[in-house]
Every structure is written in C-alpha cells, then in structure tokens.
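Working through the structure, step by step
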Amino acid sequence: MKLTNFTINKVYPLQQGVNSQGESWQSREIILKDETHEYGDVILCRLRGEKAVNFGFLPGDLVDAQVDFRVREYMGRDEQLHPSMEARCWKLEPAQPTC
C-alpha cells in the first residue's frame, strides 16, 4: 500500500538484538500521520535491517511510504490465540511534489 504525503510524527530509537538462530536484527518504529484530512490517519510503521539503521528522516519531514500489513496469531500465556498486526515499511522516500 502506498502512503503519499504523510508527515513523520515521531521516530523511536533503534532496537537490536540476536534471534534464536544467532542472527542479528535491527528494527525501528515510526509514526506517520496524514495531515491532509481533518482527522488525519495515524499509522505506526516498523522499519527493519539497513532501513532502520540508516534512517535519515526527522519528525516533521514529509514522506511517501510503501507499507505491507502482516497479521498473525500467537499463543499467549493464557493459552488463548491472540491476533497481532504489523505495518512494515519497506520503502520510505521524501514526498514528491504534487502538480
């Protein structure tokens, strides 16, 4: 899904660690806000890998983003299935001017 002319509202710190297979990972979450509507849409997006490490935008920057939504279920400690949704941003670039 393409998000155009969204403002970066907040940038969270880089998170990193090692998974169970011994591979390192990096992740960063950002909040994108659509300022074009009276009640603008707000989306929490996750960047992974090099996109998270080399993140070069600041709050207030206007961007275009490509986002995939992923849904999964996991077994909670209460032995019930719980849904989880993630918005994964796989492309983020400065917004293109509109004519």
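Our subject is the structure listed above.
Remember, predicted model here, so these are calculated numbers, not experimental data. (Residues numbered from 1 in each chain as written. Predicted model: local features only at pLDDT ≥ 70, side-chain atom pairs only at ≥ 80, totals over all residues. Heavy atoms only, no water.)

1. Things to note about the side chain of S27
- Structurally, the position occupied by S27 is in strand β3 (residues 24-34).
- In this structure S27 comes out as buried when scored by relative accessible area, which is 3%.
- Among the polar contacts made by the side chain of S27, one reaches the side chain of R46 at a distance of 3.3 Å.
- Apart from residues lying up to four places away in sequence, S27 is in contact with P13, L14, Q15, R46, L47, R48 and A52. (Helix = DSSP H or I, 4+ residues; strand = E, 2+ residues; numbered from the N terminus. Buried < 20%, exposed > 50% of the residue type's maximum accessible area, 1.4 Å probe, protein only. Polar contact = N/O pair within 3.5 Å; in protein donor to acceptor, adjacent residues only side chain to side chain. Contact = heavy atoms within 4.5 Å.)

2. Side note on unusual backbone geometry
- The phi dihedral of N5 is positive, around 55°, even though this residue is not glycine.
- When you line up the elements, N5 lands in strand β1 (residues 2-11).
- One non-glycine residue, E79, adopts positive backbone phi at about 60°.
- Position of E79 relative to the elements: it lies in the loop between β5 (62-75) and β6 (81-94).

3. A few points about the nonpolar core
- Ranked by internal contacts, the top residues of the largest apolar core, which has 17 residues, are L32, C45 and L92.
- Those elements that provide at least two residues to this core are β1, β3, β4 (42-48), β5 and β6.
- Residues within four places of L32 in sequence aside, it is in contact with L3, F6, T7, I8, D41, V42, I43, C45, V63 and A65. (Core = buried A, V, L, I, M, F, W, Y, C linked by side-chain atoms within 4.5 Å.)

4. Quick look at a nonpolar patch on the surface
- A surface patch of nonpolar side chains, amounting to about 450 Å² of accessible area, comprises M1, F69, V71 and M85.
- Along the chain, M1 turns up in the segment before β1.
- For M1, a relative accessible area of 56% puts it in the exposed group. (Patch = residues over 30% accessible without salt bridge, like charges linked within 9 Å, V, L, I, M, F, W, Y side chains within 5 Å. Areas by Shrake-Rupley, 256 points an atom, 1.4 Å probe, with all protein chains shown as cover. Salt bridge = Lys/Arg side-chain N within 4 Å of Asp/Glu carboxyl O.)

5. Observations concerning the pairing of β6
- The pairing of β5 with β6 spans 13 bridges and is antiparallel. Paired with M75 across the strands is L81, a residue of β6.
- Between β5 and β6, which pair antiparallel and follow one another directly, the connecting turn spans five residues, one of which, E79, has a positive phi of 60°. (Pairing = 2+ DSSP bridges.)

6. Some thoughts on the pattern of salt bridges
- Taken as a whole and assessed by the stated rule, the structure comprises four salt bridges.
- In this structure, the salt-bridge partner of E86 is R46, at a minimum N-O distance of 2.4 Å. Taken together, the residues span a long stretch of sequence, with E86 in strand β6 and R46 in strand β4 at a distance of 40 residues.
- Relative accessible area serves as the criterion here: at 14%, E86 is assigned to the buried category.
- For E86, the salt bridge goes to R88, with nearest N and O atoms at 2.8 Å.
- On the basis of relative accessibility, which here comes to 24%, the residue R88 falls in the partly exposed class.
- Linked through salt bridges whose partners overlap, the residues forming this network are E29, R46, R48, E86 and R88.

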